Amino acid sequence: MEISFTLCINRMQLQPNHRSAFCKTLIKKLFNSPLVAASSYAYASARGLPQSHYQRLHASPHKASTKKTTLLVESFDDTTLLKGIHRRLDKDSSPLQMLEDDGDWNKDEFWAVIRFLKENSRSMEVMQVFDMWKNIEKSRINKFNHEKIIKLMGDMSLAKEAVSALQEMKCHGLRPSVEAYNSIIHGFAKKGMFEVALRFLNEMEEVDLKPDTETYDGLIQSYANFKMYDEMDKCVKKMISAGCILDHISYNILIREFAKGGLLKRMERTYQTVLTKRMDLQPSTLVSMLDAYANFGMIEKMEMVFQRLLKSKTPLKADQIRKLARVYIDNYMFSRLDDLGLDIASRYKTDLVWCMRLLSHACLLSRKGMNSIVREMAAAKVPWNVTVVNVMLLAYLKMEDFKRLELLLLEIPSRLVKPDIVTVGVLFDAKSFGFDSAAVLRTWRRLGFFDDVVEMNTDLLVLSAFGKGCFLRRCEEVYASLEPKVRASKIWTYHNLIDLMLKC
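Computed from a prediction, not measured in an experiment: that's the story for all the values here.

Asker: Any chance you could explain the side chain of Asp-217 here in plain terms?
Answerer: Within the secondary structure layout, Asp-217 lies in helix 13 (residues 213-225). There is no salt bridge for the buried Asp-217, and the closest opposite charge comes from Arg-256, which lies 8.6 Å off by N-O distance. Residues contacting Asp-217, with those up to four places away along its chain left out, are Met-239, Asp-247, Ile-249, Ser-250 and Ile-253.

Asker: Please explain the packing of aromatic side chains as it appears in this structure.
Answerer: Within a pair of aromatic rings, the relevant descriptors are the distance that separates the centres and the angle that separates the planes. Across all of its chains, the model carries 12 aromatic pairs by this definition. Joined through ring pairs, the aromatic side chains of Phe-110, Trp-111, Phe-130 and Trp-133 make up one cluster. Note that Lys-148 overlies the ring of Trp-111, its terminal NZ or CZ placed 4.3 Å from the centroid. Sitting over the face of the ring of Tyr-479, Arg-487 holds its NZ or CZ atom 5.6 Å from the ring centroid.

Asker: What am I meant to see in the packing of helix 16 (residues 264-277) against helix 17 (residues 283-295) here?
Answerer: When two helices pack together, their arrangement is given by the angle between the helix axes and by the axis-to-axis distance. Packing of helix 16 against helix 17 leaves a shortest axis separation of 12 Å and a crossing angle of 145 degrees. The way helix 16 lies across helix 17 gives a crossing that is left-handed. For the pair formed by helix 16 and helix 17, the contact residues are Leu-264, Met-267, Glu-268 and Tyr-271 on the first element and Met-289, Ala-292 and Tyr-293 on the second. Among the residues forming the contact of helix 16 with helix 17, the class breakdown is 6 nonpolar, no polar and 1 charged.

Asker: Is there a simple way to explain empty space enclosed by the protein in this structure?
Answerer: Space left empty within the atom packing is revealed by a probe, the size of a water molecule, rolled over the atoms. Inspection of every chain in the model, using the stated rule, returns 1 cavity of 30 Å³ or more. Of the voids in this model, the largest cavity is the one considered here, and its volume is about 30 Å³. For the largest cavity, the full set of lining residues is Phe-306, Leu-309, Leu-310, Thr-314, Leu-316, Arg-347 and Tyr-348. Grouping the constituent residues of the lining of the largest cavity by class yields 5 nonpolar, 1 polar and 1 charged.

Asker: Would you take a moment to explain the pattern of salt bridges for this structure?
Answerer: Considering all chains together, one arrives at 24 salt bridges under this definition. The partner of Arg-140 in a salt bridge is Glu-137, with the nearest N and O atoms 3.8 Å apart. Note on Arg-140: relative accessible area 9%, which makes it buried. Notably, a salt bridge pairs Lys-151 with Asp-155, separated by 3.1 Å at the nearest N-O pair.

Thresholds, definitions, all that
- Residues numbered from 1 in each chain as written.
- Predicted model: local features only at pLDDT ≥ 70, side-chain atom pairs only at ≥ 80, totals over all residues.
- Heavy atoms only, no water.
- Helix = DSSP H or I, 4+ residues; strand = E, 2+ residues; numbered from the N terminus.
- Buried < 20%, exposed > 50% of the residue type's maximum accessible area, 1.4 Å probe, protein only.
- Lys, Arg positive; Asp, Glu negative; His and termini not counted.
- Salt bridge = Lys/Arg side-chain N within 4 Å of Asp/Glu carboxyl O.
- Contact = heavy atoms within 4.5 Å.
- Phe/Tyr/Trp six-rings, centres within 6.5 Å; stacked < 30°, edge-to-face > 60°.
- Lys NZ or Arg CZ within 6 Å of the ring centre and 35° of its normal.
- Axes fitted to C-alpha atoms, helices over the stretch in contact; angles between N-to-C directions.
- Left-handed = near helix turned anticlockwise from the far one by under 90°.
- Nonpolar A, V, L, I, M, F, W, Y, C, P; charged D, E, K, R; others polar.
- 1 Å grid on protein atoms, 1.4 Å probe; cavity = no way out; pocket = protein on both sides within 12 Å on 5 of 7 lines; lining within 4 Å.
- Points joined across faces, edges and corners; volume = space filled by probe spheres on them.

Dropping the structure here:
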């Protein structure tokens, strides 16, 4: 006996009041069909299950639990109908027309459509669909539905639409909650419309609704986003005068935003308050403090926050680690680069760790130190990359150790490393200092290195430490002097670039 689910799924062929009955009938036929029964018996036999297992699956409907059957049928019904809704929703679909054709939706179907509209940036249709759906059944005009729509509008930065829903709520005699007002206040504040936001804040008090911590936190965050730090302070004072206590979230917001704004005294004062009150500091707050201290080159405080982050096992992005490394480089504290690499080595298995550790010894012009790191890499079976090669090349160039420089340049092919513009720059800078580059040029031409497209794959920390050589700076100047059409007219290889340099 072949049973098709297509009829149940194709909801367009059924009136809304017949769907549930149709699905219930179908599922009963399914569970009593010979095909399903035979399959269940085979399943039980194949797994060595007792016959009683099969009998429990297909017991007489009169003996089965009515409650379980009802739940199963309802679950089947709801899931099938929701799948049907999702299948019919696409960029060209009209939810309003769908609702008119279907006659009605249950709450799950309705909110599935609303989520679709939100996720596909079709927010202007939300209120239209909501208005049509709630008018089908007047019991849907309730506080829960209106406030959920208001929050949705606030999340989508549709403050005016949220206000419309709020006014409609009042017209129906429904009293809005603090959460509803928060959505509207935050919606206007995010757009920088603070006068309107504060008007609704005052309206809350007029209707005997006390703003909560979340109300003020949202305002503080929006003031910070617009760099209105004095207004932030005023908002905090208003919050305290209104009898609303700042919690750890409020303090974390203040510390983060003062840090981003470079207001270190305010940041540190708020930080001390948090310590005194023994409140928790969020990882993102510590990261913001770390960035602030790094930006101002305050090494001791930067390291203090960094150690706290390490203990909290908060992950740091590679760019944040590079920022710390640049602070050490700018202050000629090259040995700290190795310490920084060791600190993060257990957590970050990346090339950046080896780059910093090797760079530490290269900046100190320590051949012994560089060799030690290279041996550690070999023991850890870490392959070389162009950053590793260029760090050592730049160190040898600075030391004018042309013997080791030549050996390393000739070793590049066997290390399966592809040179980049920095490598080529080191070669030509060394040539200008008296280095005999003939053997290297012959090898590279034979291997076709100069026919490759120009690339820059060296970690920027290397250039922060050693700077750009004469060749690289000259390349940038000449290339920048070309007309945009000329630059875009060809694929630039090292051969093209070198020819251009020789002509200028």
